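Each chain is listed here by its residues.
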Amino acid sequence: MNAIVALCHFCELHGPRTLFCTEVLHSPLPQGASSGDISGQNEQAEEEEGGIQMSSRIRSHSPAEGASADSSSPGPKKSDMCEGCRSLAGGHPGYVSHDKETSIKYVSHQHPNHPQLFSIVRQACVRSLSCEVCPGREGPIFFGDEQHGFVFSHTFFIKDSLARGFQRWYSIITIMMDRIYLINSWPFLLGKIRGIIDELQGKALKVFEAEQYGCPQRAQRMNTAFTPFLHQRNGNAARSLTSLTNDENLWACLHTSFAWLLKACGSRLTEKLLEGAPTEDTLVQMEKLADLKEESEGWDGSEEEEKPSSQPDVVEGQELSKCSPETSLMPDCNSWNVAHRRLSVFRSLRHMRQVLGASAFRMLAWHVLMGNQVIWKARDTDLVQSAFDVLRTMLPVGCVRIIPYSDQYEEAYRCNFLGLSPHVQIPPHILSSEFAVLVEVRAATRSSLYPAVFDDEQSLNKYEFVVTSGSPVAADRVGPTILNKIEAALTNQNLSVDVVDQCLVCLKEEWMNKVKVLFKFTKVDSRPKEDTQKLLSILGAAEEDNVKLLKFWMTGLSKTYKSHLMSTVRSPTSSESRN
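Cut-offs used in this document
Residues numbered from 1 in each chain as written. Predicted model: local features only at pLDDT ≥ 70, side-chain atom pairs only at ≥ 80, totals over all residues. Heavy atoms only, no water. Buried < 20%, exposed > 50% of the residue type's maximum accessible area, 1.4 Å probe, protein only. Helix = DSSP H or I, 4+ residues; strand = E, 2+ residues; numbered from the N terminus. Pairing = 2+ DSSP bridges. Axes fitted to C-alpha atoms, helices over the stretch in contact; angles between N-to-C directions. Salt bridge = Lys/Arg side-chain N within 4 Å of Asp/Glu carboxyl O. pLDDT = per-residue confidence, 0-100. Contact = heavy atoms within 4.5 Å. Core = buried A, V, L, I, M, F, W, Y, C linked by side-chain atoms within 4.5 Å. Parallel < 35°, antiparallel > 145°, perpendicular 65-115°, else oblique. Left-handed = near helix turned anticlockwise from the far one by under 90°. Nonpolar A, V, L, I, M, F, W, Y, C, P; charged D, E, K, R; others polar. Arc of directions from axis to C-beta.

Examining the pairing of strand S9 (residues 167-176)
It is a general feature of regular strands that their side chains alternate between the two faces of the sheet.
And step 1. Across the 10 residues of S9, 9 count as buried, placing the element largely inside the fold.
And step 2. As judged from the 6 bridges shared by strand S1 (residues 4-11) and S9, these two strands associate in the antiparallel manner. Its bridge partner being in S9, Val5 is matched across the sheet by Thr174.
And step 3. Examined bridge by bridge, strand S8 (residues 149-159) and S9 share 10 bridges and lie antiparallel to one another. What sits directly across from Phe150, in S9, is Met176.

And the structure:
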């Protein structure tokens, strides 16, 4: 997180002062503070926690080497500082932590070395301990502007037996230029900074109680009530925070806390670049996830005797594995748990095309894209499941209805992907139908039916794949445009499998946009058939196969999109604009 965390103090003699600050450096350390300047082995004390490596002995990086601190440091002069205004002793090197994961350095010292940063921190310090305070002068507050940055400030008191009112005023501030990020981090910063404050106040309270027990200051002050207060303290008006807490390692601990705070706060919130509206697949997945959550809540509220836990979920003779919302972003009730499955037999569409052959794959892909029922008969359930995993990538999520394996035939309205065991009888009208395709996996008669492309493809050598349909696709048939583009991508060996997958995503999104236009044109606006034909020509989808594909893919549109269109049409403003 690009921010600065600082501890500030209101000195009774010098006013608001910055005691200690930690900043983030994304570039190499300034002159005099590089990691190569670490002194001898005996002076190195490194400890690692949470991926941050701390170096407690480095050379000072505030003043430039060879120049005096008074001339080069932007901080106040020594003559303007007392014990209460000073954190690190003169010549103290400061602290640096190295984040090995991100190559970011967290540097702590009393004042920022850069004059502009010093001015920003100084102004935030003054405002946090003067005018920008919450009621009671103790608690969090937010202020700032675009020029000087935005500040999260938390003021608090530290007990001091020698101070006026027996307490001193401090604040911890977080400064950054991103207002939205800082506001969103308010709950996190408030809890963590409150923990640091409680620890400081607890240590100071123990010292305060010990001093009051040994020499009560209240009675002594009452006896000398007429003596000027500043003169009676004999130079004890200013005490360092290390003295108030009796902790010599206070600044090293604060550096560790501030560095962790900057790292953790920067890691908890990330920015995502949204390149456009959510895709239809994303909307459908979100709708299915919401439906599945409602269904699971209904199951939790039902009685145990109504649904015995020992029995699997059986729907009309088929066994379906229910996925939980945590296991899948695509919670299809007809899908299966991929985590407990063996390694997929089919790796990709290209792999399947090599196994089935070009003509058989084209027939199978044509039926998939048209929305016809695809039936696989095999003993190996993993083989069927991997085939459906590969084939479903050609369709939008809303068009996929899968029954992975069943002991009886299921009608096409229930699923467009159906896995059957070999002994299941398929009705004759389905076998002769032009709206179905059957893939039979039989035992091979030869040791190898095709050359193995991968080392672990030996499992496929024992199978023979027979693809049949009542309406075989002619070799000279043009087919849908998207199928031709898919085959062109699969045959291009210069394209890797990952690139082909991205091509599929782009092709599906292109044709889903055409589906949206056609749905709006025909279902919402109710245009005549002549206008529809003109629109199809403009979309480049006037061919018969393209029209069938668009009509089938229209069933995969999300409910969110459809309801949005219908509400837009019914609104008075839209009707007035059309008139």
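Focus on the sheet that holds strand S15 (residues 436-443)
And step 1. Taken together, 5 strands build an open sheet; the order of strands is S13-S14-S12-S15-S16 and the sheet is mixed. Of all the strands in the sheet, just strand S13 (402-406) and strand S16 (463-469) have a single pairing partner and so form its edges. Ignoring strand direction, the axes of neighbouring strands in this sheet form an average angle of 15°.
And step 2. Sheet topology places S13 next to strand S14 (residues 417-420); 3 bridges connect them, and they run parallel. Pairing of Ser406 across the sheet is with Leu420, part of S14.

Considering the pattern of salt bridges
And step 1. Enumeration according to the criterion identifies 17 salt bridges in this entry.
And step 2. For Glu280, the salt bridge identified is with Lys516, shortest N-O distance 3.4 Å. You can see Glu280 sitting in helix H9 (residues 280-301) and its partner Lys516 sitting in helix H15 (residues 497-524), a full 236 residues away along the chain. Taken as a pair, Glu280 and Lys516 share a single burial class, namely buried.
And step 3. Between Lys548 and Glu544 there is a salt bridge, with its nearest N and O atoms 3.3 Å apart. On the criterion of helical spacing, the pair formed by Lys548 and Glu544 is a turn pair, its members being 4 residues apart in helix H17 (residues 544-553).
And step 4. Among the ionic contacts, a cluster of salt bridges with common partners joins Asp160, Arg168, Glu211 and Arg239.

Re the confidence of the model for the chain
And step 1. Averaged over the chain, the pLDDT score is 77; the fraction of residues at 70 or greater is 73%.
And step 2. Here residues 56-71 is a poorly scored stretch, pLDDT under 50, and it has 37 contacts once near neighbours within four places are set aside; other chains count.
And step 3. Counted against residues more than four places away or in other chains, residues 229-236, with its pLDDT under 50, gives 12 contacts.

Regarding unusual backbone geometry
Most of the time, phi is negative for any residue but glycine, and the peptide bond is trans.
And step 1. Here the phi dihedral of Ser103 falls at roughly 60°; this positive angle occurs in a residue that is not glycine.
And step 2. As for its position among the elements, Ser103 is in the loop between strand S5 (95-99) and strand S6 (104-109).
And step 3. The backbone of Asn246 shows a phi angle near 55°, a positive value even though the residue is not glycine.
And step 4. Note on Asn246: relative accessible area 62%, which makes it exposed.

A look at the nonpolar core
And step 1. Counting 64 residues, the largest nonpolar core has Met352, Trp376, Leu391, Phe465 and Trp553 as its most contacted members.
And step 2. Here this core gets 10 residues from one element, more than from any other, and that element is H15.
And step 3. Ignoring anything within four residues of it in the chain, the contact list for Met352 reads Phe346, Gly357, Phe361, Leu364, Trp376, Ala387, Val390 and Leu391.
And step 4. Within the second largest apolar cluster, 39 residues are counted, among which are Leu88, Phe150, Leu182 and Trp251.

Points about the packing of helix H11 (residues 358-370) against helix H14 (residues 481-491)
And step 1. Axis separation between H11 and H14 bottoms out at 10 Å; the angle between their running directions is 140°. Between H11 and H14, the angle falls in the class oblique. Here H11 runs over H14; the crossing is right-handed. Residues Ala358, Phe361, Arg362, Ala365, Trp366 and Leu369 of H11 form the contact with H14, whose participating residues are Ile482, Leu483, Asn484, Glu487 and Leu490.
And step 2. Across the contact of H11 with H14, the residue classes tally to 8 nonpolar, 1 polar and 2 charged.

Some remarks on helix H16 (residues 529-539)
And step 1. Looking only at H16, the buried set comprises Thr532, Leu535, Leu536 and Leu539. Relative to the axis of H16, the buried residues are bounded by an arc of 100° and lie together on one face. Among the exposed residues of H16, those pointing more than 90 degrees away from its buried face are Glu530, Lys534 and Ile538.
And step 2. Among the structural elements, H15 and H17 are those in contact with the buried residues of H16.
And step 3. Residue Gly540 follows H16 closely and has a positive phi angle near 75°.

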